[in-house]
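# Structural features, examined
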Amino acid sequence: MSEKFFNANFPKSADGRVSHIGIKRGEIANRIITVGDLDRAKLFLKLLDSDTAIFQRQSHRGFLTITGKYKGVPVSIVGIGMGLSMMDFFVREARAIIDGTMIIIRVGTCGTIGKSNPGDVIISEGSFAVTRNYDYPIFENKMIMQDYEIKTKERPYNMSKVFYGDEEICNLVITFFFAKKKKNSYYSFLTNNVISYSLKIRKQLINSGIPNSQVIQGLNATCDSFYSSQGRHDENFEDYNKGLIESIRTKYPEETESLEMETFMLYYLAKCSTDAPYRSQHKVRFNSRNSIRAAATMIGIFNRKTNETIDPDKLNYLERTVGEAVLKVLLEIGLDEEHIGDDCVWN
Ligand code: R1P
Ligand code: URA
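Small disclaimer: the values here were computed from a predicted structure and weren't measured. (Residues numbered from 1 in each chain as written. Chains lettered and ligands numbered in written order. Predicted model: local features only at pLDDT ≥ 70, side-chain atom pairs only at ≥ 80, totals over all residues. Heavy atoms only, no water.)

The full count for this structure, using the stated rule, is 14 salt bridges. Residue Asp239 pairs with Arg132 through a salt bridge whose shortest N-O separation is 3.2 Å. One end of the pair, Asp239, is in the loop between β15 (214-223) and α5 (244-250); the other, Arg132, is in strand β8 (residues 121-132), and 107 residues separate them in sequence. Both residues of the pair, Asp239 and Arg132, count as buried. Ionic pairing is found between Arg155 and Glu149, a salt bridge with its closest N-O pair at 2.2 Å. Judged by its relative accessible area of 15%, Glu149 falls in the buried class. Among the charged side chains, a salt-bridge network with shared partners connects Asp15, Arg17, Lys24 and Glu27. (Salt bridge = Lys/Arg side-chain N within 4 Å of Asp/Glu carboxyl O. Helix = DSSP H or I, 4+ residues; strand = E, 2+ residues; numbered from the N terminus. Buried < 20%, exposed > 50% of the residue type's maximum accessible area, 1.4 Å probe, protein only.)

Dropping the structure here:
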C-alpha cells in the first residue's frame, strides 16, 4: 500500500478511491457485468462502443474495472478474480461510490453436476453456500468419525439456505438467448433459429442452437474452495468430501446444476443491500427496498460426473455470445439515476 487511506471503518484515499478495487465515484457505471477471469473482462471490452472513451484501471489487489458505453448507455465490466471475499470487496466498495440502484450480472464458468454439460449455459435462479465446517475435527479413524457424527449430528460441510437472483433480470437473460419475440416463440440469439419456449418453464434444458449446447435455469452452489467443498479428491489433505457432490445436488428439491465460487455472495449482498441514502434524504425509518439487483449466468466447463471438459474455442465463443446477451439485458432495465465520468480521467 503506497498511498495513505483515511477512515479505518471504510478506507478511502484523499481523492475518494476505495482501497481494494482502487476506483472512485464516476469511474464505474450503475450497470455492471462482473467476471472472474480478467481475460474475459478484456474480451467484453471489445464489445463496447468503439467511438466513446473507455476508462480502465487495474488495482494493486488485482481488480480490473473497465467503463465505457454499450449502444450509448454507460456500462462497466469488472474482473474480480475468484472467491467469496473478492465478490464481497467488489460489491461493497462499488456500492460505496455509486449513486442509485445498481444492476450486477455475473458471467462466470462452473462445474456441472446435474443435467447440463460442458458448453451448456446455466442461469442461476438461486444460490446457496457450501462451506467447510471448521469445527469438525480431524479424526484418527473412521469409527471415531462415525460415532462423532451420530452423537453431534455435525457434518464436515455446511450448506446454507438459498438466496435468489432478481427474477426479472434472470428471465430477461433467458429471453436474450432467444432475442426477438414472435408470439410464443423467440429467435435464438445464438443462432437465429426460432425456438418455442415459455418463460415460466423451470429446470428444463432448452436447445440453444449451438451444436451440443443448451440453456438451463437452475440452482447453483457457491463453494468456499475449488477443491474440498466442490468434492475434488486431494490425497494431500483430509477433506472428508466423499459423496459430497451427491449431497449438494440433492440438498434442495429443485436439484442443483452448478458449482462455482462467487454467486452466493452476490445474491446474498443484493438481498442485504439497503437504500440508506434515499432513507436519510426522505427521512424514512425502515429499509424499504434493496439497492442492488443481481443475476448470474455461467458456462459449464467441467462435468463432475463424467470428467468431460470444454474445448477452449467453444468456451471463447460462448463467453463472447453470453457477454453480448448480458450487455443487452443490462440496457433493458430502467434506472432512477445513473452517473459516470463527471470528474474522472478517462484514458
Ligand atoms: C475457478 O476456476 C473460478 O472459475 C469460476 C469460479 O467461480 C472460480 O472463480 O468462475 P470464473 O470463471 O468467473 O472465475
Ligand atoms: N469453476 C469452479 O468453481 N468449479 C469448476 O469445476 C469449474 C469452474
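Once the structure has been displayed, the description carries forward.
Attention now moves to the environment of Thr109. Positionally, Thr109 belongs in strand β7 (residues 102-112). Taking the C-alpha atoms as reference points, Thr109 and Ile301, separated by 192 residues in sequence, lie 6.4 Å from one another. With sequence-adjacent residues up to four places away left out, Thr109 is seen in contact with Arg40, Glu260, Met298, Ile299, Ile301 and Leu315. (Contact = heavy atoms within 4.5 Å.)

Turning our eyes to something else, we now look at the nonpolar core. Counting 76 residues, the largest nonpolar core has Ile28, Leu48 and Phe90 as the members making the most contacts within it. Sort the elements by how many residues they give to this core and helix α8 (residues 312-332) lands first, with eight residues. Not counting chain neighbours up to four residues away, the residues in contact with Leu48 comprise Ile54, Ile66, Gly68, Lys69, Tyr70, Val75, Ile77 and Leu327. Of all hydrophobic cores here, the second largest spans 13 residues; its members include Leu219, Cys223, Leu244 and Tyr252. (Core = buried A, V, L, I, M, F, W, Y, C linked by side-chain atoms within 4.5 Å.)

What follows concerns the site of ligand 1. Neighbouring residues of ligand 1: Gly36, Asp37, Arg40, Met82, Arg106, Gly108, Thr109, Phe226, Glu260, Met261 and Glu262. Within the side chain of Arg40, one N or O atom sits 2.8 Å away from an oxygen atom of ligand 1. One of the side-chain N or O atoms of Thr109 is found 2.6 Å from an oxygen atom in ligand 1. In terms of residue count, the dominant contributor to the shell around ligand 1 is β7 (three residues). Among the residues making up the shell around ligand 1, the classes are represented as three nonpolar, three polar and five charged. (Near = heavy atom within 4 Å. Polar contact = N/O pair within 3.5 Å; in protein donor to acceptor, adjacent residues only side chain to side chain. Nonpolar A, V, L, I, M, F, W, Y, C, P; charged D, E, K, R; others polar.)

Here helix α2 (residues 84-96) crosses helix α6 (residues 263-272) at 35°, and the two axes come no closer than 8 Å. Regarding α2 and α6, the two cross each other, and that crossing is right-handed. On α6, the residues that touch Leu84, Met87, Asp88, Val91 and Arg92 of α2 are Phe264, Met265, Leu266 and Leu269. When the residues that make up the contact of α2 with α6 are grouped by side-chain class, the tally is seven nonpolar, no polar and two charged. (Axes fitted to C-alpha atoms, helices over the stretch in contact; angles between N-to-C directions. Left-handed = near helix turned anticlockwise from the far one by under 90°.)

The next thing to look at is the site of ligand 2. Taken together, Thr109, Cys110, Gly111, Phe226, Gln230, Arg232, Leu259, Glu260, Met261, Ile301 and Phe302 form the complete shell of residues around ligand 2. Side-chain polar atom of Gln230 to a nitrogen atom of ligand 2: 2.8 Å apart, as the coordinates give it. Side-chain polar atom of Arg232 to an oxygen atom of ligand 2: 2.8 Å apart, as the coordinates give it. Contact with the protein chains hides 93% of the accessible area of ligand 2, taken as 240 Å² for the molecule alone. Those elements giving two or more residues to the shell around ligand 2 turn out to be β7, β16 (256-260) and β17 (292-303). Split into classes, the residues belonging to the shell around ligand 2 amount to six nonpolar, three polar and two charged. (Areas by Shrake-Rupley, 256 points an atom, 1.4 Å probe, with all protein chains shown as cover.)

Here the focus is the pairing of strand β3 (residues 31-35). For β3, a buried count of five out of five residues is recorded, marking the element as mostly surrounded by other parts of the structure. Both faces of β3 are covered, namely the face carrying Arg31, Ile33 and Val35 and the face carrying Ile32 and Thr34. For β3 and β7, the ladder comprises four bridges, and the chain directions are parallel. Along β7, the bridge assignment pairs Arg31 with Ile103. As paired elements, β3 and strand β6 (residues 73-79) share four bridges and run parallel to each other. In the strand pairing of β6, Thr34 is matched with Val78. (Pairing = 2+ DSSP bridges.)

It is worth spelling out the packing of aromatic side chains at this point. Between two aromatic rings, the relevant description is the distance of the centres plus the angle of the planes. Taken as a whole and judged by the stated rule, the model has eleven aromatic pairs. Considering the side-chain rings of Tyr136 and Tyr240, the 5.4 Å spacing of their centres and the 65° angle between planes classify their relative orientation as edge-to-face. Residue Tyr136 is found in the loop between β8 and α3 (142-152), and its partner Tyr240 is found in the loop between β15 and α5; the two are separated by 104 residues along the sequence. On the basis of an interplanar angle of 75° and a centroid distance of 5.7 Å, the ring pair of Phe163 and Phe264 is categorised as edge-to-face. Residue Phe163 is located in strand β10 (residues 163-164), and its partner Phe264 is located in helix α6; the two are separated by 101 residues in the primary sequence. With relative accessibility at 10%, the residue Phe264 sits in the buried group. (Phe/Tyr/Trp six-rings, centres within 6.5 Å; stacked < 30°, edge-to-face > 60°.)

Now for unusual backbone geometry. Look at Lys71: it is not a glycine, yet its phi comes out positive at around 50°. Along the polypeptide, Lys71 turns up in the loop between β5 (64-70) and β6. Positive phi, close to 65°, is recorded for Glu255, a residue that is not glycine. Looking at where Glu255 falls in the secondary structure, it is placed in the loop between α5 and β16. By relative accessible area, Glu255 is classed as partly exposed at 34%.

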